[in-house]
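Here is how the chains run, residue by residue.
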Amino acid sequence: MEYKIVLMPGDGIGPEIIKEAKKVLDTIAKIYGHEFSYEELLLGGKSIDVYGEPLTDVAIEKAKKADAVLMGAVGADAKTSPWYKLDPEKRPEAGLLKLRKELKLFANLRPAYLHNALKESCPIKEQFYQTEINLMIVRELTGGLYFGERNTTVESGIRKAFDTLTYDENEIRRVAKKAFDIAMKRKKKVTSVDKANVLDSSRLWRTIIEEVAMAYPEVTLEHMLVDNCAMQLISNPGQFDVILTENMFGDILSDEASMLTGSIGMLPSASLNETSFGLYEPSHGSAPDIAGKGIANPVAAILSAAMLLRYSLSMDTEANAIENAVNEVLNAGYRTLDIMSENKIRVSTEEMGDLIIKKIQ
Ligand code: IPM
Ligand code: MG
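Report follows, based on the coordinates. (Residues numbered from 1 in each chain as written. Chains lettered and ligands numbered in written order. Predicted model: local features only at pLDDT ≥ 70, side-chain atom pairs only at ≥ 80, totals over all residues. Heavy atoms only, no water.)

Focus: the sheet that holds strand β11 (residues 270-272)
Reading across from one edge, β2-β1-β3-β12-β11-β4-β5-β10-β8-β9 is the order of the 10 strands in this open sheet, with mixed pairing throughout. Strand pairing shows two members of the sheet lacking a second neighbour, β2 (35-40) and β9 (220-225), which therefore form its edges. The sheet shows a mean angle of 25° between the axes of neighbouring strands, taken without regard to direction. Here strand β1 (residues 2-10) pairs with strand β3 (residues 68-73) via 5 bridges, running parallel. Across the sheet, Leu7 pairs through a bridge with Leu70, a residue of β3. On top of the sheet, helix α8 (residues 247-259) reaches β4 (107-113), β5 (134-140), β8 (189-194) and β10 (242-245); it is set at about 155° to β5, its chief contact. (Pairing = 2+ DSSP bridges. Helix = DSSP H or I, 4+ residues; strand = E, 2+ residues; numbered from the N terminus. Axes fitted to C-alpha atoms, helices over the stretch in contact; angles between N-to-C directions. Contact = heavy atoms within 4.5 Å.)

What follows is the structure in structure tokens.
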């Protein structure tokens, strides 16, 4: 059976890291006898340059017909790039948001896992996490502030702007179910993060989460206010298994959590809908400052490819093979610049990809 994978390398370091991830997928195909067909589509700034918009309808339709999408990153330096002179809805990031919305990718999975070999890159002292740092943020991705009504106006000469945070119970329920399902395969603990001491949307969130939790008696549920969670991620990150939260809180907390692992360059992500279809992308951005230099860390993109195999193609063995290979390469001391430390072997983007491939073989 042939699987259709759409590649959207995007901007900045996107193309360099997706190239390595594709090499890894090709290796998996060869070893395990799968057939992957690829189609490369433009997204973000690259699409603006060619079509005048960050995501075309044709690209959306093609993505919808694929089994999965592997994406790089979008965006550039907002101070210098001409893309940021455009209206907000024409900018690179708008393409990504449209893609998430059009494909109904309501559940965003962002693991933060501290590899043993990278403990010295973790800014938190070991005494604060005792056991291990291995958490999964499940971020609601198609609702909340990102997609609420907003406007900027001038009233009596005063400039004014608003954004709205809305959730209905179905939006909360479907992402909560994903989070509890994931917790069942992990350490069976869900920390639901909200701001229920202030926000109505958070109070509804809490109510629905408790309803969903009734169907998962084995899972321990705990509620945490988002400001407290930001603190606890630093003071006691080992306590977390699955963190479930709304769109904006998840955006912020996932960047914070990523640093626990030493580098955001290590972290993959998956965005899922009700079907097996998924969009997979590194958690990091387009890093325009290091683009084209061959120094970007391709591990997040490669691990995103592993997530693609696991969640969209049900290929657990193949996904494990990639994840084990990454572990072995790190254990052997190879590092890209972002995770470099004393006495380790510095490698380029491409060398890192090749090393991982060799381990898989
Ligand atoms: C992310 C990014 C996006 C987001 C931006 C690029 C719109 O920060 O994927 O976390 O805020 O969702
Ligand atoms: Mg973000």
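This is not the end of the story, as more comes after the structure.
Some details on the pairing of β9
Pairing of β8 with β9, which is carried by 6 bridges, proceeds in the parallel orientation. Residue pairing in the sheet places Lys189 in a bridge with Thr220 of β9.

Things to note about the environment of Thr27
Inspection of the secondary structure assignment puts Thr27 in helix α1 (residues 14-32). Through-space distance from the C-alpha of Thr27 to that of Ile322 is 10.0 Å; in sequence the pair is 295 residues apart. When sequence neighbours within four positions are dropped, the list of residues in contact with Thr27 reads Ile357, Ile360 and Gln361.

Some details on the site of ligand 1
Every residue close to ligand 1 is listed here: Glu93, Arg100, Arg110, Arg139, Tyr146 and Asp251. Contact distances for ligand 1 include 2.8 Å between an oxygen atom and a side-chain N or O atom of Arg139. Separating an oxygen atom of ligand 1 from a side-chain N or O atom of Asp251 is a distance of 2.9 Å. Coverage of ligand 1 by the protein amounts to 74% of the 320 Å² it exposes when considered alone. Here the shell around ligand 1 is composed, by residue class, of 1 nonpolar, no polar and 5 charged. (Near = heavy atom within 4 Å. Polar contact = N/O pair within 3.5 Å; in protein donor to acceptor, adjacent residues only side chain to side chain. Areas by Shrake-Rupley, 256 points an atom, 1.4 Å probe, with all protein chains shown as cover. Nonpolar A, V, L, I, M, F, W, Y, C, P; charged D, E, K, R; others polar.)

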